[in-house]
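# Breakdown of the fold
What follows is each chain in one-letter form.
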Amino acid sequence: MDAKGRSESIFRRDLTQGISILERLGIIDFNGHFSVRLDDGRILINTGSSVRSAIGPEDFVVVGPNGELSENAPAPPAELPLHVSAYHARPDVQALVHGHPRWSTLLSSAGRPYQVTMAQGALLGDVPVFPSPMSVSNSRIGNAVAGTLAGGRATLLRAHGSVVVGNDVLEAAVLSIYLELNAERQYRAATVGEPYVFSQEQILACRAGLEKRGLFEKCWSYYRAKFGLTTSD
Ligand SMILES: [Zn+2]
C-alpha cells in the first residue's frame, strides 16, 4: 500500500472512532457527519446513508476539494457544502464535525449565548450563532456559515446544531465533546439557579492550563475505552 493509501486508511479508522464516540455521547445523531482533509486536498467524509451508530471504516467516501464525486461513489451527506466551504475558508483546519447535539442546540434554540461554565469550555473561544436553522446544503449557505465561524473553533447553527473544527480528527472530536459538556452544565445549572460563568481571567487561565495535546489525548482515550473502541487498532 502506498503512503497515500495508508494515510487514508488511518483517517478512516480515526473518523470511525470519532463518530462512534460522538454518537454515543449524543453529539452526532443519525444525520451527523465528520470529515477530514486528506493530504492532497480531497475530503474524506462519512456517507449520507451511513448508520452512525454502527459506523465502520468502509462507510466513508472521498470527494474532491470542491465536492466533486467520482462515478459510482456513494453519496456524501447533503450538507457536504458546509465542509467544502469551511476547508476553503480555513487552510489551518483539517477536520470538521457537524452534529445536532442535544444541549448545545437547545441553547441556540432558546437564544441563550454559549457561556463558559466549566474549565474545558474555555477552549472553544467565542462560539457565535449562525442565525438560520436551514440545512447547509449549498455553497451560498456554506460560505455564510464559514463566515460566521471565521477564525474560531466552533459555531452553533440556531435550532439546528454545531460546527466544530480542529487540526485533526482527535482535536475536532474532543472540542465537540467539550462544547457539549459545557452546554449541558450551563443548561442544567440554569434549571436550578444561576449558572456560574467563568471570568475572563479564569477563562485565560483555563486555556493556558488545558490547551495541551496530552489532555486532548486523555479525553479521547477515556471515551474510546469507555465505549469499548480500543480493540480496532
Ligand atoms: Zn445538520
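Below is a summary of the structure that appears in this document. Predicted model only: the values in this text are computed from it and were never measured.

## Focus on the side chain of N46
Mapped onto the fold, N46 is located in strand β2 (residues 43-46). You can call N46 buried: its relative accessible area is 0%. In terms of polar contacts, N46 uses its side chain to reach the backbone carbonyl oxygen of G32, at 3.2 Å. There is a polar contact of 3.3 Å between the side chain of N46 and the side chain of S50. Excluding anything up to four places from it in sequence, N46 contacts I19, G32, H33, F34, R52, I55, D59, F60 and P77.

## Some words on the pairing of strand β3 (residues 60-63)
With burial as the criterion, each face of β3 is covered, one bearing F60 and V62 and the other bearing V61 and V63. Strand direction decides the pairing type here: β2 and β3, joined by four bridges, are antiparallel. Its bridge partner lying in β3, L44 is registered against V62.

## A few points about the coordination of the zinc ion
Summarising the metal site, the zinc ion is bound by the protein donors E79 (OE), H98 (NE2), H100 (NE2) and H160 (NE2), whose distances to it range over 2.1 to 2.4 Å. What the four donor atoms of the zinc ion show is an angle range of 83 to 135° at the metal, which sorts the shape as irregular. One chain supplies every donor to the zinc ion, and in sequence these donors are spaced E-x18-H-x1-H-x59-H. Note that H98 is positioned in strand β4 (residues 95-99) and H160 in the loop between β6 (154-157) and β7 (161-166), a separation of 62 residues in sequence. Neither H98 nor H160 differs from the other in exposure class; each is buried.

## Quick word on the nonpolar core
Counting residues in hydrophobic clusters, the biggest one holds 43 residues, and the most contacted among them are F34, L44, L124 and Y178. Every element with two or more residues in this core is listed here: α1 (3-24), β1 (33-37), β3, β4, β6, α5 (169-192), α6 (200-210) and α7 (213-226). Residue contributions to this core peak at nine residues, all from α5. The next biggest cluster of nonpolar side chains, apart from the first, holds 19 residues, and it includes V61, F130, V163 and V165.

## What about the environment of R42?
Examined against the element boundaries, R42 turns out to sit in the loop between β1 and β2. When the C-alpha positions of R42 and P65 are compared, they lie 4.7 Å apart, and in sequence the two are 23 residues distant. Side chain to side chain, R42 and D40 meet in a polar contact 2.8 Å long.

## Let's talk about the sheet that holds strand β5 (residues 129-130)
Note: strands within a sheet are paired through backbone hydrogen bonds, in either parallel or antiparallel orientation. Read across the sheet, seven strands follow the order β3-β2-β1-β4-β7-β6-β5 without closing on themselves; strand pairing throughout is mixed. Whereas interior strands pair on both sides, the edge strands pair on one side only; in this sheet they are β3 and β5.

## Considerations on helix α2 (residues 80-89)
Here α2 lies mainly inside the structure; eight of its ten residues are buried. Those residues of α2 that fall on the buried side of the exposure criterion are L80, P81, L82, H83, V84, S85, A86 and Y87. Buried residues belonging to α2 abut β1, β2, β3, β4, α4 (139-149) and β7.

## A few points about the packing of α2 against α4
Direction vectors running N to C along α2 and α4 enclose 50°, while the axes themselves pass 8 Å from each other. It follows from the interaxial angle that α2 and α4 lie oblique. In the crossing of α2 with α4, the sense of the turn from one axis to the other is right-handed. Contacts between α2 and α4 involve P81, L82, S85, A86 and A89 on the former and, on the latter, S139, G142, N143, V145 and A146. Partitioning the contact of α2 with α4 into residue classes produces six nonpolar, four polar and no charged.

Conventions and cut-offs
- Residues numbered from 1 in each chain as written.
- Predicted model: local features only at pLDDT ≥ 70, side-chain atom pairs only at ≥ 80, totals over all residues.
- Heavy atoms only, no water.
- Helix = DSSP H or I, 4+ residues; strand = E, 2+ residues; numbered from the N terminus.
- Buried < 20%, exposed > 50% of the residue type's maximum accessible area, 1.4 Å probe, protein only.
- Polar contact = N/O pair within 3.5 Å; in protein donor to acceptor, adjacent residues only side chain to side chain.
- Contact = heavy atoms within 4.5 Å.
- Pairing = 2+ DSSP bridges.
- Donors = N, O, S within 2.8 Å, 3.2 Å for Na, K, Ca; no water.
- Tetrahedral: all angles 85-135°; square planar, octahedral: opposite > 155°, others 65-115°.
- Core = buried A, V, L, I, M, F, W, Y, C linked by side-chain atoms within 4.5 Å.
- Axes fitted to C-alpha atoms, helices over the stretch in contact; angles between N-to-C directions.
- Parallel < 35°, antiparallel > 145°, perpendicular 65-115°, else oblique.
- Left-handed = near helix turned anticlockwise from the far one by under 90°.
- Nonpolar A, V, L, I, M, F, W, Y, C, P; charged D, E, K, R; others polar.

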